Amino acid sequence: MAEEKQVFYLETGSQDPRYNLAFEEYVLSARREGNYLLLWQNDNTIVIGQNQNAEEEINRAFVEEHGITVVRRTTGGGAVYHDLGNLNYSFITDAGDAERLTMEQFTAPIVAALRGLGVEAEASGRNDILANGRKVSGTAQRLLHGRILHHGTLLFDSNPSMVAGALNVDPSKFESKSAKSVHSRIGNIRACLQKDMDMPAFWGYLKETLSGGGLVQDRLTEQELAAVDELRRTKYDTWEWNFGRSPRYNMTNRRKWPGGILEPRIEVQSGCIQDAVFYGDFLSLCPLDELTDALRGCPFRREDVGAVLDRLPLENFFGAITRDEVLDTIFYANN
């Protein structure tokens, strides 16, 4: 993003991660010329990398307790937690010679902007930016029809306990083929500033600095916004996109209830149950074949499994273990 170039600046006007990712994807795919800068925020969200196993990356119990939205993005990398103390940026421009593309050409303006605030910032590893030695940004890229999207997080004043809790999962419960997140020590930019500023001031500073003096205020048309809404509805707001794309894995949980110990072992592929067995010392009255047959092909989400359980005489299968206890055992990732 050279200084002499015009940079079209867009804001989503939303804190909904599903809308924001749809907005970003629309600009990448439909705005075929020019350089774009987007600044945007997601509230209380885990964003999963394109190739990750969503269930493996999140602390399911923590996510449900805190009402955290889980959404998958179209770029690779690890899972990240977003709150309103985090600011996201997106660069969209011509890819040019794809073989010569580097993260550095996009992280360099961010590093320079942070250094302009007196922060000891540097690019690190594959796709991180550090401030005073702690990770404050993770970045990722996507190529589409000669255009490139480079986006990243900027942890300005995020809640570290939420960041840690939302992504804290016991990996021993999963056997997965997915690329696992690299958990790093994280920090906040605000704590590194020589002179304090709030988020609106930081946002305004980045808007001017990252545009390199070529800022052009822009907005999507009503027709374009309608297309964004449609993309949100048909893609980013669907379970199939956010969880169904998870790679195959084997899941095992084990809990002790008043009615006995229950240990489900479930094989999932493309977000659907391929096979399931239930171990434990519960007092079943008949073999579980009818149950496991009914679960094959069922989407691996609580409401769909619950609908299967509702059709069957559970007391015959699990004795005094209740429907909700069965579901809690299957879907509670922090047993």
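Presented here is an overview of the structure given in this document. Here the structure is a predicted model, which means the values were calculated and not measured.

To continue, consider the overall build of the protein. For the protein, the count of helices and strands is 12 helices and 16 strands. Looking at the protein as a whole, 53% of its 335 residues are labelled buried. Intrachain contacts of the protein at a sequence separation of at least 6 include 72% that bridge at least 24 residues. Accessible surface for the protein amounts to roughly 15,300 Å². Of this, 46% is attributable to carbon and sulfur atoms.

Across the sheet, three strands lie side by side as E4-E3-E5; this open sheet has mixed pairing. If you trace the sheet from one side to the other, it starts and ends with strand E4 (69-72) and strand E5 (80-82), each paired once. Each strand of the sheet is rotated relative to its neighbour by a mean of 25°, with strand direction disregarded. Pairing analysis gives three bridges linking strand E3 (residues 45-48) to E5, with the strands arranged antiparallel. What sits directly across from Thr-45, in E5, is His-82. The sheet strands contacting helix H1 (residues 17-30) are E3 and E4, and the helix crosses E4 at an angle near 20°.

Another aspect to go through is the sheet that holds strand E9 (residues 134-144). With mixed pairing, the eight strands of this open sheet are ordered in space as E7-E8-E9-E10-E6-E2-E1-E12. Two strands bound the open sheet, and with one partner strand each, they are strand E7 (121-124) and strand E12 (215-217). This sheet shows a mean twist of 25° between the axes of neighbouring strands, independent of strand direction. Along the sheet, H1 makes contact with strand E1 (7-10), strand E2 (35-40), strand E6 (86-94), E9 and strand E10 (147-155), crossing E2 at roughly 180°. Helix H6 (residues 199-210) rests against E1, E2, E6, E10 and E12 of the sheet, and its axis sits at about 175° to E2.

Parameters at a glance
- Residues numbered from 1 in each chain as written.
- Predicted model: local features only at pLDDT ≥ 70, side-chain atom pairs only at ≥ 80, totals over all residues.
- Heavy atoms only, no water.
- Helix = DSSP H or I, 4+ residues; strand = E, 2+ residues; numbered from the N terminus.
- Buried < 20%, exposed > 50% of the residue type's maximum accessible area, 1.4 Å probe, protein only.
- Contact = heavy atoms within 4.5 Å.
- Areas by Shrake-Rupley, 256 points an atom, 1.4 Å probe, with all protein chains shown as cover.
- Pairing = 2+ DSSP bridges.
- Axes fitted to C-alpha atoms, helices over the stretch in contact; angles between N-to-C directions.

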